Amino acid sequence: MPHNALMHDAGDDVAVVVVDLKAGEVASAVTLEGQPAGTVKAVEDIPLGHKIAMRPMAAGKDVIKYGRSVGKVYRDIRAGQHVHTQNIRSERWQH
């Protein structure tokens, strides 16, 4: 299966989709080096350039992208869900 999502680090919680992804389609992620990084079925439509959850995340968890926290979950996120301002908050702008 060709990839349709990118992860900076295989341990990241999210991948960025490189196509418009429809609910029910499988996101197949690779790292920037081209190494397979996992798959997940989209549970909702996810627009090109947006993040998809590669694993479930509970409220209060740090969201890891680039191998570091990019925000905090404030509403539980299911694997395959769109990760955006409706369920995470950047800690950078909260101070």
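Throughout what follows, the structure given in this document is the object of discussion. Fair warning: this is a prediction, and the values are worked out from it, not measured in the lab.

### Points about the overall build of the protein chain
Helix and strand counts for the protein chain come out as 0 helices and 9 strands. Written out in order from the N terminus, the α and β elements of the protein chain read β-β-β-β-β-β-β-β-β. A globule of 95 residues ought to have a C-alpha radius of gyration of about 12 Å, and the protein chain, at 12 Å, matches this closely. Overall, the C-alpha framework of the protein chain stretches about 40 × 25 × 20 Å when taken along its three principal axes. Buried positions account for 37% of the 95 residues belonging to the protein chain. Counting only contacts in the protein chain whose residues sit at least 6 apart along the sequence, the fraction spanning at least 24 positions is 50%. Between the centroid of the 12 positive side chains of the protein chain and the centroid of its 11 negative side chains there is a distance of 4 Å.

### A look at the pairing of strand E7 (residues 68–73)
If a strand is regular, its side chains alternate between the two faces of the sheet. Pairing between strand E6 (residues 62–65) and E7: 4 bridges, direction antiparallel. Residue pairing in the sheet places Ile64 in a bridge with Ser69 of E7. Between E6 and E7, which follow one another and run antiparallel, lie 2 residues, and Tyr66 among them has a positive phi close to 65°. Strand direction decides the pairing type here: E7 and strand E9 (residues 88–89), joined by 2 bridges, are antiparallel. Opposite Lys72, over in E9, you have Arg89 as the bridge partner.

### Let's talk about unusual backbone geometry
At Tyr66, a residue that is not glycine, the phi angle is positive and equals roughly 65°. Within the secondary structure, Tyr66 is located in the loop between E6 and E7.

### So, the sheet that holds strand E1 (residues 5–7)
Read across the sheet, 6 strands follow the order E4-E3-E1-E2-E5-E8 without closing on themselves; strand pairing throughout is mixed. Each end of this open sheet is capped by a strand with a single partner; those strands are strand E4 (36–41) and strand E8 (82–83). Examined bridge by bridge, E1 and strand E3 (residues 26–31) share 3 bridges and lie parallel to one another. Following the sheet pairing, Leu6 is matched in E3 by Val30.

### Considering the pattern of salt bridges
The tally for this structure, following the rule as stated, stands at 3 salt bridges. Asp13 is the salt-bridge partner of Arg55, the closest N and O atoms lying 3.2 Å from each other. With Arg55 in the loop between strand E5 (51–53) and E6 and Asp13 in the loop between E1 and strand E2 (14–17), this pair connects stretches of sequence that are 42 residues apart. Its relative accessible area of 30% is what places Arg55 among the partly exposed residues. Here Asp13 makes a salt bridge to Lys61, at a shortest N to O gap of 2.6 Å.

Reading the values: the criteria
Residues numbered from 1 in each chain as written. Predicted model: local features only at pLDDT ≥ 70, side-chain atom pairs only at ≥ 80, totals over all residues. Heavy atoms only, no water. Helix = DSSP H or I, 4+ residues; strand = E, 2+ residues; numbered from the N terminus. Rg over C-alpha atoms; globule rule 2.2 N^0.38 Å. Buried < 20%, exposed > 50% of the residue type's maximum accessible area, 1.4 Å probe, protein only. Contact = heavy atoms within 4.5 Å. Lys, Arg positive; Asp, Glu negative; His and termini not counted. Charge placed at Lys NZ, Arg CZ, Asp CG, Glu CD. Pairing = 2+ DSSP bridges. Salt bridge = Lys/Arg side-chain N within 4 Å of Asp/Glu carboxyl O.

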